Amino acid sequence: MEKTTGRDGRARVGTQVVWAGEDKDNWQSATQVPVVHSVAFGYRSIDEWLNIARGEAPGHIYSRNTNPTVVAFEEKVRCLEGAEAATSFSSGMAAISNTLFTLLSPGDRIVSVKDTYGGTNKLFLEFLPRFQIEVTMCETANHQAIESAVVRGCKVLYLESPTNPTIKIIDLARLASVAHRHNVLVIVDNTFATPINQSPHELGADLVVHSATKFLGGHADALGGVICGPMHLVKQVHHFREITGACLDPSAAYLLLRGMKTLNLRVRQQNQSALKIAHFLEAHPLVTKVFYPGLESHENHDIACRQMRGFGGVLSFSLKGGFDSVKAFLPRLRYAHLAANLGAVETVAGPPATTSHVECTPKEREASGIPEALIRYSVGIEDTEDLIDDLSQGLEHLSGQLAEGGSFGDACRGSGFNSLLE
Ligand SMILES: *Cc1c(COP(=O)(O)O)cnc(C)c1O
């Protein structure tokens, strides 16, 4: 949560991911940020202790409030998002819920879209209304509808772009400018884009939130969340977190810090692969639709070109033959974890019913316009050609199944996976 412009302030992004946040303390000359497991920090001088406790001198008191490893992580994200301050949380959902509960009070209204992350959607439907906070969820890519909901008056406009799982694109600059004319705070979840591909602060966002669990960490081995923005707002949210306690663990902070050093390399590779894979899938007869903002067929390709530097590592596509096709196809993939996360070095795939929208009922998914046979595919850093070959053999298998009149019985993992290990 510190305001500094270190030597990394002006470096390019590939340099920042490596160096930012790493050089603030002298860790007894260690070149790598250590994991500081200490719960508390001790002082022989009561005056020094008091000064630090009052925030008048730098230092740490208790790790629920601040911790050196955690601060290094916050500083790295802060530099990448070009923000004045950042604070972190035990998960992305902790970041989002702490932020909303800090900024909203009974009687306030928040405007958002239908396609927010599943957990965020649950906050809107289940928890905020219990505190008399009114939630208006607009059609995701209907900018006019969002604008008129903002103009009717609200405290917060909460956006996400690209969205989950149909990868819609929202014009952040357009909506932020309307919001600011009406004194509305704009929060953007930048998890899918990452600071490599999109800078919401430059587009007008007041606060940027991340599930660091995904691309930032990149290795699917640590949960974390972070928010970035102006000091006066981040300070309020940080204070709420200090008291309610959803702080980031120093071990997780270390894993996230280490993962982030390759963020630029990973995301550039994922951008390139995802675009090639999207083109491959779009041309395949068994694929009924591909959702990826880098495709010219995407309804908001033009907005994506304006506001993103790369189109991201996540795409989704639907198959001929309904959910049975999904069940036959997915287990054939050799190079994809069938799991609920995304943004990892390994490719991860799954249907929204078990991933982004696991918290939702089938009716809610249908209402969000999620096709039954949709697959979300988060591209890893494997060689692109291997991923395309893998998808290709999976589709070939599906083609055989469909030709046999849809006998979808045998859905075990592709045998090639085992032979690879042997
Ligand atoms: C995963 C995710 C979250 C929630 O993050 P957790 O770290 O799982 O709590 C929020 N927003 C988006 C876009 C996500 O993908």
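Criteria and thresholds
- All residue numbers refer to positions counted from 1 along the written sequence of the respective chain.
- With pLDDT at 70 or above as the cut-off, local features in this predicted model cover only qualifying residues; side-chain atom pairs require 80 or more to be listed or tallied, and sums for whole chains, interfaces and linings still use all residues.
- Think of the side-chain values as coming from all heavy atoms in the structure, minus any hydrogens and water.
- Think of a patch as exposed residues, more than 30% relative accessible area, with no salt bridge, where like charges cluster within 9 Å and nonpolar side chains (Val, Leu, Ile, Met, Phe, Trp, Tyr) cluster within 5 Å.
- Using a 1.4 Å probe, the Shrake-Rupley method yields the accessible areas, and only the shown protein chains count as cover for residues.
- Salt bridge, as used here, is a side-chain nitrogen of Lys or Arg placed within 4 Å of a carboxyl oxygen of Asp or Glu.
- Every helix listed is a DSSP run of H or I at least four residues long, and every strand listed is a run of E at least two residues long, numbered separately from the N terminus.
- By the convention used here, strands pair only if DSSP detects at least 2 bridges between them.
- When checking whether two residues touch, look at their non-hydrogen atoms; a contact exists if any pair is within 4.5 Å.
- Only the stretch in contact is used when a helix axis is fitted, and all axes are lines through C-alpha atoms; the angle between N-to-C directions ranges over 0 to 180 degrees.
- We call a residue near a molecule or strand as soon as one heavy atom of that residue lies within 4 Å of the molecule or strand.
- Polar contact criterion, stated in full: a pair of N or O atoms within 3.5 Å, where within protein one must be able to donate a hydrogen and the other to accept it, and residues adjacent in sequence count only if both atoms are side-chain atoms.
- Residues are grouped as follows: Ala, Val, Leu, Ile, Met, Phe, Trp, Tyr, Cys and Pro are nonpolar; Asp, Glu, Lys and Arg are charged; every other residue, Gly included, is polar.
- Only Phe, Tyr and Trp rings are paired, with Trp represented by its six-membered ring, and only when their centres lie within 6.5 Å; those with planes under 30 degrees apart are stacked, over 60 edge-to-face, the remainder tilted.
- Partly exposed describes any residue whose relative accessible area lies between the buried limit of under 20% and the exposed limit of over 50%, with all areas from a 1.4 Å probe on protein chains only and scaled to the type maximum.
- For the domains described, the bounds stem from an automatic or database domain assignment.
- Two parts lose some accessible area (1.4 Å probe) when they are put together, and adding that loss for both gives the buried area.
- To obtain the arc, one takes the directions from the helix axis to the C-beta atoms.

## Observations regarding a nonpolar patch on the surface
Piece 1. On the surface, Ile46, Trp49 and Leu50 cluster together into a nonpolar patch covering about 290 Å² of accessible area.
Piece 2. Inspection of the secondary structure puts Ile46 in helix 2 (residues 46–53).

## Some points on the sheet that holds strand 8 (residues 287–291)
Piece 1. Within the open sheet, the five strands sit side by side as 8-9-12-11-10. Their pairing is mixed. The open sheet terminates on both sides in strands that have one partner only, identified here as strand 8 and strand 10 (337–338).
Piece 2. Taken together, the three bridges between strand 11 (residues 348–350) and strand 12 (residues 374–378) define a ladder with antiparallel strand orientation. The residue bridging Val348 from the neighbouring strand is Ser378, located in strand 12.
Piece 3. Lying on the sheet, helix 11 (residues 263–282) is in contact with strand 8, strand 9 (314–319) and strand 12; it crosses strand 9 at an angle near 10 degrees.
Piece 4. Contacts from helix 15 (residues 384–403) reach strand 8, strand 9 and strand 12 within the one sheet, and its direction differs from that of strand 9 by about 15 degrees.

## A word on the site of the ligand
Piece 1. Near the ligand, the surroundings consist of 13 residues, among which Gly92, Met93, Asp189, Thr213 and Lys214 are the closest.
Piece 2. Ser91 is positioned with one of its side-chain polar atoms (N or O) 3.5 Å from an oxygen atom of the ligand.
Piece 3. Within the backbone of Met93, an N or O atom sits 2.8 Å from an oxygen atom of the ligand.
Piece 4. Expressed as a share of its isolated accessible area of 380 Å², the protein-covered part of the ligand is 94%.
Piece 5. At three residues, helix 4 (residues 92–103) tops the list of elements feeding residues into the shell around the ligand.
Piece 6. Here the residues of the shell around the ligand are counted per class, giving four nonpolar, six polar and three charged.

## Section: the packing of aromatic side chains
Piece 1. All told, the structure shown has five aromatic pairs when counted by the stated rule.
Piece 2. For the ring pair Phe124 and Tyr158, a centre distance of 5.7 Å and an interplane angle of 80 degrees mean the geometry is edge-to-face. Residue Phe124 is found in helix 5 (residues 118–127), and its partner Tyr158 is found in strand 4 (residues 156–160); the two are separated by 34 residues along the sequence.
Piece 3. A residue is classified by how much of its surface remains accessible, and Phe124, at 2% relative accessible area, is buried.
Piece 4. Judged by centre distance (6.3 Å) and plane angle (65 degrees), the ring pair of Phe317 and Tyr377 falls under edge-to-face. Here Tyr377 lies in strand 12 and Phe317 lies in strand 9, a separation of 60 residues in the sequence.

## Quick notes on the domain arrangement of the chain
Piece 1. Along its sequence, the chain is organised into domain 1 (2–260) and domain 2 (263–421).
Piece 2. Relative placement of domain 1 and domain 2: their C-alpha centres are 29 Å apart.
Piece 3. Both sides together, the interface formed by domain 1 and domain 2 hides about 3300 Å², and carbon and sulfur atoms give 58% of it.
Piece 4. Looking at the side of domain 1 facing domain 2, the largest losses of area belong to Ile169, Asn197 and Phe215, adding up to 21% of the total buried there.
Piece 5. Among the ionic pairs, Asp171 bridges to Arg306, the shortest N-O distance being 3.0 Å.
Piece 6. Counting the contacts that link domain 1 with domain 2 gives 18 residue pairs in polar contact (both at pLDDT 80 or more).
Piece 7. Elements that contribute at least two residues to the side of domain 1 that touches domain 2 include exactly helix 1 (13–19), helix 5, helix 7 (172–181), helix 8 (194–197) and helix 10 (250–260).
Piece 8. Here the side of domain 1 that touches domain 2 takes five residues from helix 5, the largest share from any one element.
Piece 9. Split by residue class, the side of domain 1 that touches domain 2 holds 21 nonpolar, 17 polar and six charged.

## Some remarks on the sheet that holds strand 7 (residues 225–229)
Piece 1. Strand order in the open sheet formed by seven strands is 1-7-6-5-4-2-3, with mixed pairing between adjacent strands. Among the strands making up the open sheet, the edge pair consists of strand 1 (85–89) and strand 3 (134–138). Adjacent strand axes in the sheet meet at a mean angle of 20 degrees when their direction is disregarded.
Piece 2. Here strand 2 (residues 109–113) pairs with strand 3 via five bridges, running parallel. From the neighbouring strand, Val111 faces strand 3, where its bridge partner is Thr136.

## Looking at helix 5
Piece 1. Taken across its 10 residues, helix 5 has seven buried, putting it largely inside the fold.
Piece 2. For helix 5, the full list of buried residues reads Gly118, Gly119, Thr120, Asn121, Lys122, Leu123 and Phe124.
Piece 3. The secondary structure elements touched by the buried residues of helix 5 are helix 4, strand 2, strand 3, strand 4 and helix 14 (362–367).

## A look at unusual backbone geometry
Piece 1. That bond from Ser161 to Pro162 is cis: its omega, -5 degrees, falls within 30 degrees of zero.
Piece 2. With respect to the element layout, Pro162 can be found in the loop between strand 4 and helix 7.
Piece 3. Cis geometry marks the peptide bond from Asn164 to Pro165, where omega comes out at -5 degrees.
Piece 4. Relative to the assigned elements, Pro165 resides in the loop between strand 4 and helix 7.
Piece 5. Its identity is not glycine, yet Gln132 carries a phi of approximately 55 degrees, on the positive side.
Piece 6. Backbone geometry at Ala220 places phi at a positive 55 degrees, although glycine is not the residue there.
Piece 7. Mapped onto the secondary structure, Ala220 falls in the loop between strand 6 (207–211) and strand 7.
Piece 8. For Ala220, a relative accessible area of 45% corresponds to the partly exposed category.

## Brief notes about helix 7
Each α-helix turn comprises 3.6 residues. Residues three or four places apart therefore point the same way.
Piece 1. Listed in full, the buried residues belonging to helix 7 are Leu172, Leu175, Ala176, Val178 and Ala179. End-on view of helix 7: buried residues confined to an arc of 160 degrees, all on one side of the axis.
Piece 2. Buried residues in helix 7 make contact with helix 6 (143–151), strand 4, strand 5 (185–189) and helix 12 (301–307).
Piece 3. Where helix 7 starts, the residue carrying a side-chain oxygen 3.4 Å from the main-chain nitrogen of Ala173 turns out to be Asp171.
Piece 4. Phi turns positive one or two residues past the end of helix 7, at Asn183, with a value near 60 degrees.

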